[in-house]
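Tertiary structure, described
The residues making up each chain are set out below.
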Amino acid sequence: MDFAKHIKPLSGESDWPIWKRKIRDLLDYQEGAVDIIEGTLTKPDPLEDKPTKEEQKEYKAASELYRKANSFAKSLISCAVSDSVYQKIMDKVSAYEAWEALKQQFEATSKDQLFKVCADFFAFNWTSGEDVSTHVAKLRSLWNELNNGLKAKKENQLPDLILMCKALHILPSSFESFKASWMLLTKDETKTFDELAMQLCVFERNMKQPIKSDDGDQEALFTRSKGSFNNMKSKDNRRVFSKEDVCNYCHQKGHWVSRCPKWFADGCPARDKAGNGGQNSRFEGAEATIAL
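Residues numbered from 1 in each chain as written. Predicted model: local features only at pLDDT ≥ 70, side-chain atom pairs only at ≥ 80, totals over all residues. Heavy atoms only, no water.

1. Re the overall build of the protein
Across its full length, the protein holds 14 helices and 0 strands. In the protein, the succession of helices and strands from N to C terminus is α-α-α-α-α-α-α-α-α-α-α-α-α-α. Once local pairs closer than 6 in sequence are excluded, the contacts in the protein between residues at least 24 apart make up 56%. Of the accessible surface of the protein, which amounts to about 17600 Å², a share of 50% is contributed by carbon and sulfur atoms. (Helix = DSSP H or I, 4+ residues; strand = E, 2+ residues; numbered from the N terminus. Contact = heavy atoms within 4.5 Å. Areas by Shrake-Rupley, 256 points an atom, 1.4 Å probe, with all protein chains shown as cover.)

2. Here we look at unusual backbone geometry
Its identity is not glycine, yet Lys154 carries a phi of approximately 60 degrees, on the positive side. For Lys154, the location among the structural elements is in the loop between helix H7 (132–152) and helix H8 (160–169).

3. Looking at the packing of helix H1 (residues 16–27) against H7
Where H1 meets H7, the closest approach of the two axes is 11 Å, and the angle between their N-to-C directions is 90 degrees. One element, H1, and the other, H7, form an angle in the roughly perpendicular class. Residue-level inspection shows Trp16, Pro17, Lys20 and Arg21 of H1 in contact with H7, the latter providing Ser141, Asn144 and Glu145. Partitioned by chemical class, the residues of the contact of H1 with H7 number 2 nonpolar, 2 polar and 3 charged. (Axes fitted to C-alpha atoms, helices over the stretch in contact; angles between N-to-C directions. Parallel < 35°, antiparallel > 145°, perpendicular 65-115°, else oblique. Nonpolar A, V, L, I, M, F, W, Y, C, P; charged D, E, K, R; others polar.)

4. Points about the nonpolar core
Ranked by size, the top nonpolar core spans 27 residues in total, and within it Leu10, Trp19, Ile23, Leu27, Ile77 and Leu102 carry the most contacts. At the level of secondary structure, the elements contributing two or more residues to this core comprise H1, helix H2 (33–38), helix H3 (53–79), helix H4 (83–89) and helix H5 (95–106). Contacts of Leu27, omitting those with residues within four sequence positions, involve Ala33, Val34, Ile37, Phe72, Ala73 and Leu76. (Core = buried A, V, L, I, M, F, W, Y, C linked by side-chain atoms within 4.5 Å. Buried < 20%, exposed > 50% of the residue type's maximum accessible area, 1.4 Å probe, protein only.)

5. Points about the pattern of salt bridges
One pass over the structure, following the stated rule, counts 11 salt bridges. The closest approach of N and O atoms between Glu38 and Arg24, which form a salt bridge, is 2.7 Å. Note that Glu38 is positioned in helix H2 and Arg24 in helix H1, a separation of 14 residues in sequence. Looking at Glu38, the relative accessible area reads 40%, which means it is partly exposed. (Salt bridge = Lys/Arg side-chain N within 4 Å of Asp/Glu carboxyl O.)

6. Focus on empty space enclosed by the protein
For the structure shown, the criterion picks out 2 cavities of 30 Å³ or more. Reported here for the largest cavity is a volume of approximately 90 Å³. If you trace the largest cavity, you find it lined by Trp126, Val132, His135, Val136, Leu139, Ala167, Ile170, Leu171, Phe193, Leu196, Ala197 and Leu200. Broken down by class, the residue content of the lining of the largest cavity amounts to 11 nonpolar, 1 polar and no charged. (1 Å grid on protein atoms, 1.4 Å probe; cavity = no way out; pocket = protein on both sides within 12 Å on 5 of 7 lines; lining within 4 Å. Points joined across faces, edges and corners; volume = space filled by probe spheres on them.)

7. Brief notes about the packing of aromatic side chains
The geometry of two aromatic rings is summed up by the distance between their centres and the angle between their planes. Within this structure, the stated rule accounts for 11 aromatic pairs. Considering the side-chain rings of Trp19 and Trp99, the 6.0 Å spacing of their centres and the 20 degrees angle between planes classify their relative orientation as stacked. Taken as a pair, Trp19 in helix H1 and Trp99 in helix H5 lie far apart in primary sequence, 80 residues in all. Using a relative accessible area of 3% as the deciding quantity, one classes Trp99 as buried. Ring geometry for Phe121 and Trp143: centres 5.3 Å apart, planes at 45 degrees, overall tilted. Placement of Phe121 in helix H6 (residues 111–123) and of Trp143 in helix H7 is noted, with a sequence separation of 22 residues between them. Across the pair, Trp143 and Phe121 agree in class, each one buried. Following the ring pairs from residue to residue traces out a cluster consisting of Trp126, Phe175, Phe178, Trp182 and Phe203. (Phe/Tyr/Trp six-rings, centres within 6.5 Å; stacked < 30°, edge-to-face > 60°.)

Quick look at the structure:
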């Protein structure tokens, strides 16, 4: 099957989380295939004696739908596993039976498997060279696997607060200012993992991009602004922030413009050379701090 050649064959427990999701995506191509492995589409029962034409028509349509969906799902699964794994499902008649056998083998439903997924989640750490989106995807995958295992064992699922705390905890030192701003400025009702992931990606992108400035000093401004984030600890020894300090850019309390995530997200805009007093006042505190 051509679809299966694009998927790495399932050979062990470590392949299962990603393999399972790729297979489900491909199964969605065929009508009823996903329902087959979930057990919601089953082979229709034989008709009783002397069925009506309408009953015969409905039975024929249901039987054909099941046959096509089951054949597609069983073939796709068989082609996307290694020979050693195939031996575990080769005697299964339906795709549902084959899928359940794989779940029993690799899914985090048993106590030992669930413990391993839990340990992998809490041991997960930042890998140098990979971007935020890659870390978010890996962390979310482990999180879903863990909660699915808890759900299968009829245990209480973990709250998203744990996932957000884990994501913040593994961030490298270059994200220290982001963590402080996230905790101080973000409202509780908007503190979701999706929002956190989006803001992290924006922050990372703005750190990597050069800043365009009206005075032509892009590189110097970017270097100074980036340094203010990475080296704020040494500056904090001389100038301590207060919860009552008000940012002249976003007008939120608890930080100055030099640590304002909105200012960085907007590209660290330079002072308005047109002489607009309202605009200039926003950036005076930022430039004074960055110049330290």
